[in-house]
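Structure assessment
The chain contents come next:
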Amino acid sequence: MQDALLDMSPEGGWRETGDTRLAPLPEDEMNWFQRRLTRYLVQRHQVPAHNLFATFLHAPRIFLAWLPFASQLMPYGALTRRQTELVILRVAWRSRCRYEWVQHVQIGRAAGLSDEDILRVTDSRGGMGWTSLEVALLKAVDDVVDTGVVSTATWTSLSSALSKRKLTEAVMLIGHYCMLASVIDSLGVEVE
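Figured I'd write up the structure that's included with this text. (Residues numbered from 1 in each chain as written. Predicted model: local features only at pLDDT ≥ 70, side-chain atom pairs only at ≥ 80, totals over all residues. Heavy atoms only, no water.)

This paragraph deals with the overall build of the protein chain. The number of helices and strands found in the protein chain is 10 helices and zero strands. Reading the helices (α) and strands (β) of the protein chain from amino to carboxyl end gives α-α-α-α-α-α-α-α-α-α. The C-alpha atoms of the protein chain give a radius of gyration of 17 Å, which matches the 16 Å a tight globule of 192 residues would have. Its C-alpha atoms give the protein chain principal-axis dimensions of about 50 × 35 × 30 Å. Evaluated residue by residue, the protein chain yields a buried proportion of 46% over its 192 residues. In the protein chain, once contacts between residues fewer than 6 apart in sequence are set aside, the share between residues at least 24 apart is 71%. In the form shown here, the protein chain has an accessible surface area of approximately 10,200 Å², with 55% of it arising from carbon and sulfur atoms. (Helix = DSSP H or I, 4+ residues; strand = E, 2+ residues; numbered from the N terminus. Rg over C-alpha atoms; globule rule 2.2 N^0.38 Å. Buried < 20%, exposed > 50% of the residue type's maximum accessible area, 1.4 Å probe, protein only. Contact = heavy atoms within 4.5 Å. Areas by Shrake-Rupley, 256 points an atom, 1.4 Å probe, with all protein chains shown as cover.)

Structure (structure tokens):
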């Protein structure tokens, strides 16, 4: 079945190298722990991310250090699941990272986003249908992607609605997924 949201692409297309630069670590080269861990992660979160995890296993110490950090942002962060997925989807779209987009369309749906919500993430014109906090979160993504820093106006909007903990986490979430998009695209991780 065709899925229009998964078939979309941003202006300029997806930022892809055209090939897999670093293939996922084959299961027969993984140790017992690595095989069990990748299977657990895919099954636990019901997200087919084997290619991502198996590729990151080429640097096992970094992968094992990254997992707890990443999970504290998503899915166990202080922001709501809706807010988190809107931010990640906007990063994926603005960063032109197809892997992140495809994964988080599916994760976003599971977290309760409608297809209309996901489609609106791609619209940079403003806040039609968003709460004022959602507008500020999406604008923060745009600010970071465009300039590397959240603008003063956007910060003022965010800080009027979020605690210091959530402000810090929102910026870390944006930065983390921008970094992840660059790593995924640079390594050529294939969409599952």
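Okay, back to it.
Looking now at the pattern of salt bridges. Evaluation of the coordinates by the stated rule reveals 14 salt bridges. The residue arginine 98 makes a salt bridge to glutamate 16 at a minimum N-O spacing of 3.9 Å. Of the two residues, arginine 98 sits in helix H6 (residues 98-110) while glutamate 16 sits in the loop between helix H1 (4-7) and helix H2 (32-45), which places them 82 residues apart along the sequence. Judged by its relative accessible area of 30%, arginine 98 is partly exposed. A residue is classified by how much of its surface remains accessible, and glutamate 16, at 48% relative accessible area, is partly exposed. For the salt bridge of arginine 94 with aspartate 146, the shortest nitrogen-to-oxygen distance reads 2.5 Å. Pair noted here: arginine 94 is in helix H5 (residues 81-95) and aspartate 146 is in helix H8 (residues 132-147), with a separation of 52 residues, a long-range link. On the basis of relative accessibility, which here comes to 52%, the residue aspartate 146 falls in the exposed class. By sharing partners, the salt bridges in this structure join Arg82, Glu116, Asp117, Arg120 and Glu134 into a single network. (Salt bridge = Lys/Arg side-chain N within 4 Å of Asp/Glu carboxyl O.)

A cis amide bond links methionine 74 to the next residue, proline 75, at an omega of 15°. A positive phi angle, near 60°, is found at arginine 96, a position not held by glycine. Judged by relative accessible area, which is 29%, arginine 96 ranks as partly exposed.

A few words on the nonpolar core. Counting residues in hydrophobic clusters, the biggest one holds 42 residues, and the most contacted among them are Leu52, Phe63, Trp66, Leu158, Leu162 and Ile174. Looking at this core, the elements that each hand over two or more residues are H2, helix H3 (50-56), helix H4 (60-73), H5, H6, H8 and helix H10 (164-187). Ranked by residues supplied to this core, first place goes to H10 with nine residues. When near neighbours in sequence (up to four residues on either side) are disregarded, isoleucine 174 contacts Val87, Val91, Leu137, Ala140, Val141 and Val144. Among the nonpolar cores identified, the runner-up in size contains 16 residues, and Leu86, Ala92, Val121 and Trp130 belong to it. (Core = buried A, V, L, I, M, F, W, Y, C linked by side-chain atoms within 4.5 Å.)

Counted under the stated rule, the structure contains zero disulfides. Between cysteine 97, a free cysteine, and cysteine 178, which holds the nearest cysteine sulfur, the sulfur-to-sulfur gap is 10 Å. Given a relative accessible area of 0%, cysteine 97 falls into the buried group. By relative accessible area, cysteine 178 is classed as buried at 17%. (Disulfide = S-S within 2.5 Å.)

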